[in-house]
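Architecture and fold: a report
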Amino acid sequence: MEELQSALKERDLIVCTLPEKGRCLLTTRDFYPGEVIISQEPYVCVPNKSSGNRRCDGCFTSSNLRKCSACHVVWYCGSTCQKLDWKLHRLECQALSRLDMDKRKSVTPSIRLMVKLYLRRKLESEKVIPTTATNNYNLVEALVSHISDIDEKQLVLYAQMASLVNLILQWPEINMKEIAENFSKFACNAHTICDGELRPLGTGLYPVISIINHSCLPNSVLVFEGRLAVVRAVQHITQGAEVLISYIDTAGSTMTRQKALTEQYLFTCTCPRCIKAGQSDDIQESAILEGYQCKDYQCNGFLLRSSDGKGFICQRCGVVRDKEEIRKIASEVKSMLDTVLMSSSAGNHQETFFMYQKIETLQRKLCHPFSISLMQTCEKLLEILMEQQNWREALAYCRLTIPVYQRVYPGFHPLLGLQYYTCGKLEWQSLLAYWHSVGLPKSTGMCVQDFYSPVEVYKGLKGFWATRTVL
Ligand SMILES: C[S@@+](CC[C@H](N)C(=O)[O-])C[C@H]1O[C@@H](n2cnc3c(N)ncnc32)[C@H](O)[C@@H]1O
């Protein structure tokens, strides 16, 4: 701990303990928006695993990959990444190679992360891998696990996962309870590593970054530069203040945010947004983000339940909207969303597009214009239109989402920045498409392919709020 404190002191930070939150990271000087507060390499990390989307274990790139010829599980982009990873992978490779091929292929990233955690601890104790003040197993031991608070079902799952780790490592002295507890630590401390466009690439454990607590109105954000986790200030943080990031998507109502935090992180948030729960401006915000809109579509008022419970009253014009009418549209939206999820997994883009358009029409009748679910439908339509390279219509949908983003991601939020960026790219693509159509492009010396695809940028947005990992 002393070593950590003196390493942090050099970065103008200090670790303290608060009775209601446990450890926290405080500043010892002012930090300004955009400034890096702290950065850290992962103690252990693994790339995501999805069919047809393999990544290098070293740098997480998905191009020019070659499989490890011994274990056939791990991929590398070249000898540089392979050599850097060799001390750890040599042991992992031997362990994986003992499994039959089917079992080997079914090893999930979470299991691999745990196997790597134990192998790194072993190599540290044998002094093969050096420890540092900010990256060592003692810091992993200090992470909160909430093991005594998690439910029976989750415990059984962790115990099963621990057996698989044991099967892979085959260490006679291994402590199964400790592995299960470490899975519980991963659940509330591991981070999803994203690329510059906020697309998820993998999962990593960053023991110092994990000291940072949550706020739904954070003063900092966590982003990644390769595998390096970087925490930047998004507000002026005064000397002595706590560094706070958000563990979840801050766009939801207080109830939605609280639910996500209690389910995965097992605490009740008391940030400045959450303490307003039940107050009139919080009720109004929830009704706008997740509630219904006035029967008079021109009114734009939000609704609150009437005292007799028979309907909803517009808080601007006083018109009552029938509960039964709302229920009918809401259930139609729900069943269409269920169907579209099935049809989109079958890969029929055109059909999916038409269904989302129908859902949008219904949601416009039902939801407030700042509704998050309506915004999500617009994002789906935007995504499909971009995949079809229909830049003009995609631009129209992207513009529709901007006011909602401005409302739900205030200040220097990276998601808002990326949405502006997508919009800007679409403006440019639409202009280029127009130039092509009127025969002007060659004089500019540019063509559409010269630019970064907005589809790629957009896909990143979807993954960002998975910055914490659900096991
Ligand atoms: C990643 S850890 C943060 C560091 C942690 N405080 C510690 O002592 O190691 C996440 C855990 O910290 C606690 N925590 C984080 N933010 C909190 C908050 N705003 N209020 C109360 N507890 C919080 C919860 O127990 C949560 O599961």
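The model shown is predicted, which means the values in this text are computed figures rather than measured ones. (Residues numbered from 1 in each chain as written. Predicted model: local features only at pLDDT ≥ 70, side-chain atom pairs only at ≥ 80, totals over all residues.)

1. Comments concerning the domain arrangement of the protein
Using the following cut-off: How far each domain reaches was decided by an automatic or database domain assignment.
For the protein, the assigned domains read domain 1 (2-144 + 193-252) and domain 2 (322-462). Taking only C-alpha atoms into account, the centre of domain 1 sits 32 Å from that of domain 2.

2. With respect to the site of the ligand
Cut-off, in case you're wondering: All residues are tested the same way: a C-beta atom is placed from the backbone, and lying within 6 Å of a molecule or strand makes the residue near it. Only DSSP runs of H or I with at least four residues qualify as helices, and only runs of E with at least two residues qualify as strands; both kinds are numbered from the N terminus onward. By the convention adopted, Pro, Cys, Tyr, Trp, Phe, Met, Ile, Leu, Val and Ala count as nonpolar, Lys, Arg, Asp and Glu as charged, and the other residues, Gly among them, as polar.
Taken together, 18 residues surround the ligand, and among them Gly22, Arg23, Asn213, His214 and Phe267 come closest. When residues of the shell around the ligand are traced back to their parent elements, those giving at least two are β2 (22-27), α7 (176-189) and β9 (213-214). Here the residues of the shell around the ligand sort into eight nonpolar, seven polar and three charged.

3. A word on the sheet that holds strand β14 (residues 311-314)
Note the threshold: At least two DSSP bridges between two strands are needed for those strands to be called paired. To obtain an axis, a line is fitted to C-alpha atoms, over the contacting stretch when the element is a helix, and the angle between two such axes runs from 0 to 180 degrees between their N-to-C directions.
Taken together, three strands build an open sheet; the order of strands is β13-β14-β15 and the sheet is antiparallel. Of all the strands in the sheet, the pair left with one neighbour each is β13 (303-305) and β15 (320-322). Strand-to-strand, the axes of this sheet are offset by a mean angle of 35°, without reference to chain direction. Where β14 and β15 come together, three bridges link them in antiparallel fashion.

4. A few points about α7
Applicable threshold: One less than the number of residues in a helix, times 1.5 Å, gives the span that helix is expected to have. Three exposure classes are used, all based on how many other C-beta atoms lie within 10 Å of a residue's own C-beta (placed from the backbone): buried at 20 or more, exposed at 12 or fewer, and partly exposed between those limits. Note on contacts: each residue gets a C-beta atom placed from the backbone, and two residues are in contact if those atoms are within 7 Å.
Between the first and last C-alpha of α7 there are 20 Å, a value that for 14 residues agrees with the 20 Å anticipated at 1.5 Å per step. Residues of α7 that are buried: Ile179, Ala180, Asn182, Phe183, Ser184, Lys185, Phe186, Ala187, Cys188 and Asn189. Along its buried surface, α7 packs onto α4 (109-125), α6 (152-169), β8 (200-205) and α8 (254-265).

5. Let's talk about unusual backbone geometry
Glycine aside, residues mostly have negative phi, and peptide bonds are mostly found in the trans state. One non-glycine residue, histidine 72, lies in the positive phi region at around 60°. Relative to the helices and strands, histidine 72 is located in the loop between β5 (66-67) and β6 (75-76). You can call histidine 72 partly exposed: it has 14 C-beta atoms within 10 Å. Of note in the backbone geometry, lysine 127 takes a positive phi value of approximately 65° without being a glycine.

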